[in-house]
Amino acid sequence: MKPAIPVRQPLWVKEFKSFIMRGNVVDLAVGIVIGAAFTGIVNSLVQDLINPLIGVLIGGVDFSNVFVVLSGERGPSLEATRQSGAAVLALGQFINAIIRFLIVAMAIFWLLRVLTRLHLRQREEAKPAGPTPQEKLLAEIRDLLREGVPATPATPPAPPPSGPATLPRG
């Protein structure tokens, strides 16, 4: 059954559908989902493993709870101090964010390094065994130029134009 009034789909809707269905957008969405899961792992690694080790090395300090009070009263923890309305510089939280960033950057570096090597290996395997026809032809031309043999043109030169000759006015 046809609708009584034909509804025309705007052009941008069609463009948006084709944009969403592109491979790059789907790959990006998958990357974001994996990145979110990876962020949880990195946060746990920093807070549950690295910070306690750093705390032991610097004398038993709870590294995630290092902060400076700018104004207001200092509480027993960063959270308690913030809840009392004090202005604080959460240095430990900032350092945690830097550590998380460095871990993610290192993981991405190693992942890209492995993928690049795999890609290069695939390209080397896909290379043909011998030179291509174009490479053979270029090698022949190079050899002829080295020997000083003039190359013969593939097509004869065009004949001069026919008709009455005109003299330049001057």
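Residues numbered from 1 in each chain as written. Predicted model: local features only at pLDDT ≥ 70, side-chain atom pairs only at ≥ 80, totals over all residues. Heavy atoms only, no water.

Here we come to the UniProt feature "transmembrane region" (unreviewed entry) in the chain. Here, the residues flagged by UniProt with the feature "transmembrane region" (unreviewed entry) are residues 20-42, 49-70 and 90-112. Secondary structure content for residues 20-42 is 91% helix and 0% strand, and the end C-alpha separation is 30 Å. Along residues 49-70, the helical share is 41% and the strand share 14%, with 30 Å between the first and last C-alpha atoms. (UniProt positions renumbered as here; feature names shortened; annotations may be inferred. Helix = DSSP H or I, 4+ residues; strand = E, 2+ residues; numbered from the N terminus.)

Together, Val68, Leu70, Leu89, Leu91, Phe94, Ile95, Ile98, Phe101 and Leu102 give the surface a local cluster of nonpolar side chains, amounting to about 840 Å² of exposed area. Of all the elements in the fold, those that place two or more residues in the nonpolar patch are β1 (68-71) and α4 (91-126). Sort the elements by how many residues they give to the nonpolar patch and α4 lands first, with six residues. Relative to the elements of secondary structure, Leu102 occurs in helix α4. (Patch = residues over 30% accessible without salt bridge, like charges linked within 9 Å, V, L, I, M, F, W, Y side chains within 5 Å. Areas by Shrake-Rupley, 256 points an atom, 1.4 Å probe, with all protein chains shown as cover. Salt bridge = Lys/Arg side-chain N within 4 Å of Asp/Glu carboxyl O.)

Quick look at the environment of Val61 now. Examined against the element boundaries, Val61 turns out to sit in the loop between α2 (23-57) and β1. Classification of Val61 as partly exposed rests on a relative accessible area of 35%. Between the C-alpha atoms of Val61 and Asn51, which are ten residues apart in sequence, the distance is 9.3 Å. The residues touching Val61, leaving out its near neighbours within four places in the chain, are Gly55 and Val66. (Buried < 20%, exposed > 50% of the residue type's maximum accessible area, 1.4 Å probe, protein only. Contact = heavy atoms within 4.5 Å.)

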